[in-house]
Amino acid sequence: MEQEGSELNQDRFSCSICLDLLKDPVTIPCGHNYCMKCIKTHWEKNIHSCPECRQTFRPRPVLVKNTMLADLVEELKKTGLQAAAADHCYAGPGDVACDFCNGRKRKASKSCLQCLVSYCHKHLQPHFTSPAFKKHKLMEPSEKLQESMCSLHDEVMKMFCRTDQQCICYLCSVDEHKGHDTVTSAAGRTEKQTELELSRQKIQQRIKDKHKDMKVLQQEVKTISNCADEAEEQNDKILTEMIRLLEERRRDVKQRIRSKEETEMIRVKELESKLEQEITELRRKDAEMDKLSHTDDHNQFLLQYPSVSKLSEDPDSPSINICPLNYFEDVTTAVSELRDKLLDNLRERWTNTSVAITEPKVLLSISQPEPQTRAEFLQYSCEITLDPNTMNSWLSLSEGNRKVTVVTKKKKRPFHPDRFTTLSQVLSKESLTGRCYWEVELRPEMYGLGIIYIALTYKNIKRKGESFKSAFGYNDKSWSLCCLNRFSGFYHNKVKSPVSHPVNSPVGVYLDHTAGILSFYNVSETMTLLHRVQTTFTEPLYFGIWLQTVGDVVEIIKLW
């Protein structure tokens, strides 16, 4: 502790001109302290300014000895501080050493961005006294000054190449980077600083959004608990009436409710924990950006900017939407029916009760914004190929099973239980879950009279028998877009819905299985929406194609 006090006092009571303890200390108007002789000598050779902050004074200030400071210095001299202070001036482990000192090097007090050299107090004096160094920029001591030197020309890098996004020297701008878009390092720093601030704003907004989501989850914990308590109370009253025969069922219902409550609590807590981790990471990233934004060295800023400013994609940046359900209402209803039916229907109704408890009722939907531009949709592009085992005999596959064509002559195909035998349809080989995007090119027969359906369907759709039971869009297992000029429409379970625009090729298909969203688009940079479905998908989906005219062609565009 005594040594730490000595180091602190040496910094406070040393003259930055002679580097010794203050003698006849004076305080000039800017607040810095000097030996009276040192500052007088300095002002006789230079304008009346502070050697440290360079503030100029007119007229020349009258120097008066600071008696309180002089007494403190004398007291420190008696304690033997001067020897400790002198030793403290030398560089140790972790310190930046003066580049001009010979032998044992002193600790650097400043680094010069123009000289690319670090100076101790003694060797820094020319920067305070000589007009030649007046425009030099001093900063806190740094060990990374040499990174600002061009490795090709051994010159200070004072320019920034926008074309190659790197720091360069003047010679680079007329040689290796000739014709490139170049600016000064300061101008480049200004541009990147603006971008950095925008990135910080995005991170801060993410933090706010996630805090909101956390509040929603915390409220949901209370809702689940309240619903569980209410359901327990109601069911306890109902089942108590059944005394002996329903006593076993009453205990079973209580156990299931509490088990479900625990399951839903765990699910919410996991989401809450995930949000806490994301907020911590975003704060860490924000702190890095804040530190970088306050760096004095333009080159260091630009060198570190690419790694610090890069924002990780936030595909899992959820917006928590809670569907306000009474989580155990079905249980209560089912048990009430049991009470009314008593023994005759006990076994039959108990099955319904068990199902009502087991089925998940918590719809903690983590919705994510739907992409807007084609570039954003392409982030979710997936590889889709067609399955030959599902292909009808009037169809032919090519282009790596991505292209399907209606042929003029029916082909013999080996039997397969997945093959469509009634309609000229085919399914994808891959099942689709999560967020997926793909594009298809539609080429009706030469007169443009072909009818083409592109669809999503469950795998258990019928493959033979009555046509409407296996036709895409004409049952409750499939959703289909019919592409035929003015007859275009969207079909599900035999119900036709209009599309908002004429269908043009290519067509983009976007699926968010978890959120229950299926969208069809005319492909362009702005992506024109044709039709959107909002539903609940209970099984993985498969992409399907239905062609009806010889010569019709549909090809899945290779995006991967």
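Residue numbers here run from 1 along each chain, matching the order of that chain's written sequence. A pLDDT threshold of at least 70 governs which residues receive local features in this predicted model, and a stricter bar of 80 or more applies before side-chain atom pairs are shown or counted, although totals over entire chains, interfaces and linings include all residues. Side-chain metrics in this entry use all non-hydrogen atoms of the structure; hydrogen atoms and water are not considered.

Going by an unreviewed UniProt entry, the chain carries the name Tripartite motif-containing protein 16-like and comes from Sphaeramia orbicularis.

A separate point is a nonpolar patch on the surface. Patch membership needs two things, relative accessible area over 30% and no salt bridge, and members are linked within 9 Å if like-charged or within 5 Å if nonpolar (Val, Leu, Ile, Met, Phe, Trp, Tyr). Methods summary: accessible areas were calculated by the Shrake-Rupley approach with a probe of 1.4 Å, and residue burial reflects only the protein chains presented. Should a side-chain nitrogen of Lys or Arg be within 4 Å of a carboxyl oxygen of Asp or Glu, the pair is scored as a salt bridge. The grouping of Tyr170, Leu171 and Val174 at the surface amounts to a nonpolar patch, some 300 Å² of accessible area in total. Secondary structure is summarised from DSSP: a helix means a run of H or I of at least four residues, a strand means a run of E of at least two, and numbering begins at the N terminus for each. Structurally, Tyr170 can be placed in helix H6 (residues 170-174).

A few words now on the nonpolar core. Most often, soluble globular proteins have nonpolar side chains that are buried together. Of all hydrophobic cores here, the largest spans 38 residues; its most connected members are Trp438, Ile454 and Phe543. Considering every element that reaches this core, the biggest residue donor is strand E14 (residues 435-443), with four residues. Here a residue-residue contact requires only that any non-hydrogen atoms of the pair lie within 4.5 Å. Apart from the residues within four sequence positions on either side, Trp438 is in contact with Cys382, Ile384, Leu432, Leu456, Val507, Gly508, Val509, Leu511, Phe543 and Leu559. As used in this record, nonpolar core signifies buried Ala, Val, Leu, Ile, Met, Phe, Trp, Tyr and Cys residues forming a set joined through side-chain atoms within 4.5 Å. Whether a residue is buried, partly exposed or exposed follows from its accessible area with a 1.4 Å probe, protein chains only, as a fraction of its type maximum: under 20%, in between, or over 50%, in that order. Counting residues in each nonpolar core, the second largest holds 29 residues, with Cys167, Ile168, Met289 and Tyr305 among its members.

With that settled, the discussion passes to the sheet that holds strand E8 (residues 182-184). Sheets are built from strands that pair by backbone hydrogen bonding, the pairs being arranged parallel or antiparallel. Taken together, the three strands give an open sheet; going across it, the order is E7-E6-E8, and neighbouring strands pair in antiparallel fashion. Strands with a single pairing partner mark the edges of an open sheet, and in this sheet they are strand E7 (166-168) and E8. Looking at each pair of strands side by side, their axes are set apart by 35° on average, direction ignored. Two strands are counted as paired when DSSP detects at least two bridges linking them. Across three bridges, the pairing between strand E6 (residues 159-161) and E7 is antiparallel. Bridge pairing links Phe160 to Cys167 in E7. A fitted line through C-alpha atoms serves as each axis, taken over the contacting stretch for helices, and the angle formed by two N-to-C directions is quoted from 0 to 180°. Sitting on the sheet, helix H7 (residues 185-240) touches E6 and E8, and the angle it makes with E8 is about 95°.

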